[in-house]
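The chain contents come next:
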Amino acid sequence: MIRLERRIDTPRWVTYAVPALSILAAFAVGAVLLLATGRNPISVYQRIIERGLTSPGSFQDALVATTPLLFPGLAAAVAFRMDLFNIGGDGQFIMGSIFASGIALKMDSSPNWLTFLAMIIAGIVGGAIWAGIPALLRAYAHTNEIITTLMLNYVAAHIATYLIFSSESFWRDLSGAGRQFPSAKPIPPDAEWLPLQFGSVHVPQGLVVGVIVAVLLYVLYRSTRFGFEVRVVGDSPPAARYAGMSARRKIISVLLLSGALAGLGGAADVGDTRHGLEAKSLVTAGYGYSGIVIAALARFNPLAVVVVSFLLGVLNNAGRSLQGRDFPSGLVGTLQGLILLFALGGELFGRYRLRVGRRSTGTAPSTDEPVVEGAPA
Amino acid sequence: MNNNLFVDLAHFAIYYGTPLLFAALGGILAERSGVLNLGVEGIMLMGAACARLGAAVIGGPRWVTLAAAVVVGMVGAGLTGLLHAFMTVTLRVNQTVAGLAITILAGGAGLSAFLGETWELPRRDAVTFNDLDVFGLKDAPIVGPLLFSHNALVYVSWIATVAASFYLFRTRMGLNLRAVGESPQTADALGIDVVRYRYVHVVAGGALAGVGGAFYALSISSSSWVAGDNYISGAGWIAIALVIFGFWRPDLTLVGAYLFGAFSVLSLRLQVRRIRIPLLESMPYVMTIVVLVIVSTGWAKRRLGAPAALGIPYEREER
């Protein structure tokens with residue numbers, strides 16, 4: 001008989017093996033799915049690698065595709081680490097875009113570096129405001145943050161659409177192309193974030209900002225009192241309470257931080273690639289969901305988030321350029337969902353070991369039932 | 001149809017509330033067994049895609065095609081629910097993240113879109129639900145639009161609500177189910193098979209969410225198949241909120257579903273009448289938040305709280 005037995009601590013190999021094997025397993029199941037629907041998985045995967053990474057210019061495009069995943073990934077890692085399920089990454093991203101593009105339009109004649117800084121701050125503020133609503137509701141009214149953050153995604157998308165389509169809106173372009181078809185004003189050329197050149201590779205400025213932020217987060221969690229307290233509150237709320245740490249303040253600050261990171265992603269998206277508000281791409285991009293997959297696979301480590309974002313960036317990059325019968329539109333999401341499911345299942349090997357045979361006498365001591373924070377009210 | 005604005009609103013509040021009601025009833029079954037299912041959004045989209053396929057390929061009289069299509073939707077959604085049950089009950093992973101994974105896997109950018117494209121759903125016509133004329137009373141004042149002129153699935157949802165209430169509170173199995181959700185240890189000690197109860201109700205809940213998805217595919221959004229989350233406009237998430245709003249009771253959930261249906265139809269009606277209120281479309285989502293805040297305040301929670309074991313994996317070895 002096969003039984004699951006609790007481990008006392010997680011062996012080190014699990015930390016690396018589980019994410020790697022999850023990706024492999026997801027692609028294996030994806031291959032079965034492709035075969036079952038009459039496609040050739042080998043050629044599909046070959047084209048993903050070609051178009052996503054190895055063909056000329058696609059490495060560059062993969063970096064561009066990585067940037068809008070990195071920030072939601074960091075946002076989810078920060079929140080999920082503390083069992084705060086912020087799935088409003090999309091909404092906070094959109095608010096960041098709205099604020100950053102607004103300030104870029106306002107600062108028409110300012111020097112580049114000032115506009116750049118202002119866009120970053122605006123993105124942070126926009127995302128933090130949008131995460132602040134569920135944060136306050138969770139901290140003071142005990143309202144489950146899962147549904148509130150998600151509902152605010154729809155509201156943010158509607159706000160963005162309204163700002164693009166309404167003729168009274170400051171964002172609406174009433175000259176040029178915007179007359180015929182409603183669209184938002186493009187930000188002034190000086191406000192665009194130009195890619196930085198490293199050898200022959202152009203790296204988006206947003207990506208550089210993201211990597212710096214990831215390192216800062218790593219340091220914040222490793223070596224500051226705030227990081228320590230957040231880890232204690234996340235791992236054991238009772239222990240934090242006995243130590244006199246305020247869970248309420250941690251909830252608010254972590255959710256604000258999470259929203260700020262997603263909002264910064266929105267600012268980077270406007271500065272790097274979109275150069276203005278765009279309705280369609282904002283509503284359907286689903287960066288928030290990808291962020292959750294990335295955070296879980298990176299086991300909430302900000303530096304690992306950078307690596308995993310790049311892997312999913314390659315996948316998204318391929319998904320963007322490949323279309324047609326051999327590359328069905330839902331393939332990328334399906335693979336992402338499978339990766340997350342396998343990563344979750346793989347966590348078992350961190351918590352349990354498989355035992356074959358009868359129960360031995362010296363099993364691991366039983367711990368208390370895990371308490372799941374954030375189950376609905 | 002009576003032109004009275006209020007009656008018209010009420011009729012369509014019921015109409016737009018029905019898919020929410022189906023999905024929320026499914027959510028009640030799963031959560032009463034102690035399993036939180038955040039995959040409802042993805043499961044509904046799977047139900048929608050499968051029902052759409054059924055309606056396009058199954059022949060026969062109209063009502064046979066429609067019934068079979070709904071069943072196909074239920075099977076597709078139920079299988080997706082089975083995956084959630086396997087993850088949460090057998091592998092005992094974190095239910096919140098597992099549910100999100102299901103939604104990412106099956107949702108508008110995932111499997112439902114993949115299958116929709118494979119089955120060439122955008123190019124196929126599907127049979128759709130028509131409003132009935134029950135007892136020939138369709139044109140009766142007030143009660144006609146309210147009670148006698150809905151499509152068949154609305155009447156099924158009424159039966160399902162009564163049945164779910166009866167099942168939960170008047171049958172032995174319902175009692176066992178609530179025991180499993182409140183205290184699986186106690187239920188296990190009484191000889192109730194906790195694992196089986198959780199599996200059955202998560203899968204049944206998925207199938208009910210599939211009917212909700214089918215309602216979109218074969219009625220509300222029946223004009224065409226468009227892959228993506230907008231096809232059901234976040235109904236799965238609203239349904240999860242409705243379970244909380246209804247305090248895990250089918251009757252209160254029906255009231256909540258129609259309330260949300262009213263929010264949806266109100267914003268649609270005002271748009272048609274060219275009354276432009278900015279951001280009116282976001283009203284159902286804002287109201288979801290408002291309602292959640294109200295029910296999560298202390299007094300409501302203490303009186304009619306969630307199943308005590310909701311979200312907690314049951315580990316028999318640790319008893």
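Coordinates for the structure precede this section.
The notes below deal with the structure included here. Position numbers for residues count from 1 along each chain, tracking the sequence in the order it is written. To read the labels, note that chains go from A and ligands from 1, taken in the order they are written. Note on the predicted model: pLDDT of at least 70 is required for a residue's local features to be given, and 80 or more for side-chain atom pairs to be given and counted; whole-chain, interface and lining totals, by contrast, use all residues. Side-chain calculation: all heavy atoms of the structure are included, whereas hydrogens and water are not.

1. With respect to the overall build of chain A
Rules: Helix and strand definitions here come from DSSP, where helices need a minimum of 4 consecutive H or I residues and strands a minimum of 2 consecutive E residues; each element is numbered from the N-terminal end. Only heavy atoms enter the contact rule, under which two residues are in contact if any of them lie within 4.5 Å. With residues, only the protein chains shown are counted as cover, and all accessible areas are computed by Shrake-Rupley using a 1.4 Å probe. Counting rule for charge: Lys and Arg are taken as positive, Asp and Glu as negative, and neither His nor the chain ends is counted. Think of each charge as sitting on NZ of Lys, CZ of Arg, CG of Asp or CD of Glu.
If you tally the helices and strands in chain A, you get 15 helices and 4 strands. Projected onto its principal axes, the C-alpha coordinates of chain A cover approximately 80 × 55 × 40 Å. In chain A, the share of contacts with a sequence separation of at least 24, taken over all contacts with a separation of at least 6, comes to 77%. A total accessible area of about 16,600 Å² is found for chain A, and carbon and sulfur atoms account for 64% of it. On chain A, the mean spot of the 30 positive side-chain charges and the mean spot of the 22 negative ones are 8 Å from each other.

2. Let's talk about the overall build of chain B
Basically, it comes down to this: We call a residue buried when its accessible area falls under 20% of the maximum for its residue type, exposed when it is over 50%, and partly exposed in between, using a 1.4 Å probe and counting protein chains only.
A tally of helices and strands in chain B yields 14 helices and 0 strands. In sequence order, the secondary structure elements of chain B are arranged as α-α-α-α-α-α-α-α-α-α-α-α-α-α. Projected onto the principal axes, the alpha-carbon positions of chain B cover approximately 60 × 45 × 40 Å. The buried share of chain B, reckoned over its 319 residues, is 60%. Counted over contacts in chain B with a minimum sequence separation of 6, partners at least 24 positions apart contribute 76%. Carbon and sulfur atoms provide 65% of the accessible area of chain B, an area that totals close to 12,400 Å².

3. A word on the side chain of Arg-172 of chain A
Residue and element names in this part refer to chain A. In plain terms, the rule: Each salt bridge in this description consists of a side-chain nitrogen of Lys or Arg and a carboxyl oxygen of Asp or Glu lying within 4 Å of one another. Polar contacts, as counted here, are pairs of nitrogen or oxygen atoms within 3.5 Å of one another; within protein the pair requires one atom able to donate a hydrogen and one able to accept it, and residues that are adjacent in sequence qualify only if both atoms are side-chain atoms.
Following the sequence through the fold, Arg-172 ends up in the loop between helix H6 (145-165) and helix H7 (177-180). No salt bridge forms around the buried Arg-172; measuring N to O, its nearest opposite-charge neighbour Asp-173 is 7.0 Å away. A distance of 3.0 Å separates the side chain of Arg-172 from the backbone oxygen of Phe-165, its partner in a polar contact.

4. Some words on helix H10 (residues 194-220) of chain B
All names here are of chain B. How we decide: Take the residue count of a helix, subtract one, and multiply by 1.5 Å to get its expected span.
Taking 1.5 Å per residue, 27 residues should reach 39 Å; H10 reaches 37 Å between its end C-alpha atoms and fits that length. In terms of burial, H10 is a largely internal element, 21 of the 27 residues being buried. One side-chain oxygen of the residue at the start of H10 lies 3.3 Å from the amide nitrogen of Val-195, identifying that residue as Asp-193.

5. Comments concerning the packing of aromatic side chains
Residue and element names in this part refer to chain B. To be explicit about the condition: For this analysis, a ring pair means two rings from Phe, Tyr or Trp (six-membered ring only for Trp) whose centres lie within 6.5 Å, classed as stacked if their planes differ by under 30 degrees, edge-to-face if by over 60, and tilted for the remaining angles.
Enumeration over the complete set of coordinates arrives at 16 aromatic pairs over all chains. Ring centres of Phe-12 and Tyr-16 lie 6.5 Å apart, and the angle between their planes is 40 degrees; on these two criteria the pair is classed as tilted. Of this pair, Phe-12 and Tyr-16 both sit in helix H1 (residues 5-32), 4 residues apart, which is roughly one turn of the helix. Phe-12 sits in the partly exposed class, given a relative accessible area of 21%.

6. Observations concerning the nonpolar core
As a reminder, the rule being used: Residue types Ala, Val, Leu, Ile, Met, Phe, Trp, Tyr and Cys, when buried and joined through side-chain atoms within 4.5 Å, form a set referred to as a nonpolar core.
Membership of the largest hydrophobic core comes to 190 residues, with the highest contact counts inside it found for Phe-80 and Ile-98 of chain A together with Leu-218 and Trp-237 of chain B. Counting residues per element, this core draws most heavily on H6 of chain A, at 13 residues. What Trp-237 of chain B contacts, discounting residues up to four positions off in sequence, is Ile-87, Ile-146, Ile-147, Leu-150, Met-151, Tyr-154 and Tyr-289 of chain A together with Leu-38, Glu-41, Leu-100 and Thr-103 of chain B. Judged by nonpolar contacts, the second largest core, of 6 residues, contains Ala-85, Val-89, Tyr-199 and Val-202 of chain B.

7. Describing the environment of Leu-84 of chain A
All names here are of chain A. Summarising the element assignment, Leu-84 is placed in the loop between helix H3 (58-80) and helix H4 (89-106). Overall, the relative accessible area of 1% leaves Leu-84 in the buried class. Contacts of Leu-84, omitting those with residues within four sequence positions, involve Ala-79, Arg-138, Glu-145, Ile-251, Val-254 and Leu-255.

8. Topic: unusual backbone geometry
Positive phi, close to 55 degrees, is recorded for His-275 of chain A, a residue that is not glycine. Relative to the elements of secondary structure, His-275 of chain A occurs in the loop between helix H11 (247-274) and helix H12 (279-284). Of note in the backbone geometry, Trp-248 of chain B takes a positive phi value of approximately 65 degrees without being a glycine. With respect to the helices and strands, the residue Trp-248 of chain B is situated in the loop between helix H11 (235-245) and helix H12 (250-272). In this structure Trp-248 of chain B comes out as buried when scored by relative accessible area, which is 2%.

9. Observations regarding the side chain of Thr-65 of chain B
Residues and elements named next belong to chain B. For Thr-65, the location among the structural elements is in helix H3 (residues 62-90). By relative accessible area, which is 2% here, Thr-65 ends up buried. Reaching out from Thr-65, the side chain makes a polar contact with the backbone oxygen of Ile-58 at a distance of 3.4 Å.

10. What about the interface of chain B and chain A?
Rule in force here: In short, buried area is how much 1.4 Å probe accessible area vanishes from two parts on joining, totalled over both. When residue character is reported, Ala, Val, Leu, Ile, Met, Phe, Trp, Tyr, Cys and Pro are called nonpolar, Asp, Glu, Lys and Arg charged, and the others, Gly included, polar.
Every contact between the two is made by 58 residues of chain B and, on the other side, 55 residues of chain A. Both sides of the chain B and chain A interface together cover about 5,000 Å² of buried area, and 72% of this is carbon and sulfur. Taken together, the connections running from chain B to chain A amount to 0 salt bridges. The interface formed by chain B and chain A includes 6 residue pairs in polar contact (both at pLDDT 80 or more). Mapped by element, the contributors of at least two residues to the side of chain B that touches chain A are H3, helix H4 (95-106), helix H5 (111-118), H11 and helix H13 (283-295) of chain B. Here the side of chain B that touches chain A takes 9 residues from H4 of chain B, the largest share from any one element. Residue composition of the side of chain B that touches chain A, by class: 34 nonpolar, 14 polar and 10 charged.

11. Quick notes on a nonpolar patch on the surface
All names here are of chain A. Our working rule: Patch rule: a residue counts if its relative accessible area is over 30% and it has no salt bridge; like charges are joined within 9 Å, and nonpolar side chains (Val, Leu, Ile, Met, Phe, Trp, Tyr) within 5 Å.
Judged by side-chain polarity, Phe-99, Ile-121, Val-125 and Ile-129 come together as a nonpolar surface patch covering roughly 320 Å² of accessible area. The element contributing the most residues to the nonpolar patch is helix H5 (residues 112-141), with 3 residues. Summarising the element assignment, Ile-121 is placed in helix H5.

12. Some words on the packing of helix H8 (residues 172-182) of chain B against H10 of chain B
Residue and element names in this part refer to chain B. The test is simple: Each axis is a line fitted through C-alpha atoms, and for a helix only the stretch in contact is used; angles between axes span 0 to 180 degrees, taken between their N-to-C directions. Between 65 and 115 degrees an angle is taken as roughly perpendicular, under 35 as roughly parallel, over 145 as roughly antiparallel, and anywhere else as oblique.
The contact between H8 and H10 brings their axes to 10 Å, and the two run at 105 degrees. With respect to each other, H8 and H10 are oriented roughly perpendicular. Residue-level inspection shows Met-173, Asn-176, Leu-177 and Val-180 of H8 in contact with H10, the latter providing Val-194, Tyr-197, Arg-198 and His-201. In the contact of H8 with H10, the residues fall into 5 nonpolar, 2 polar and 1 charged.

These results come straight from atomic positions and should not be treated as a statement about function.
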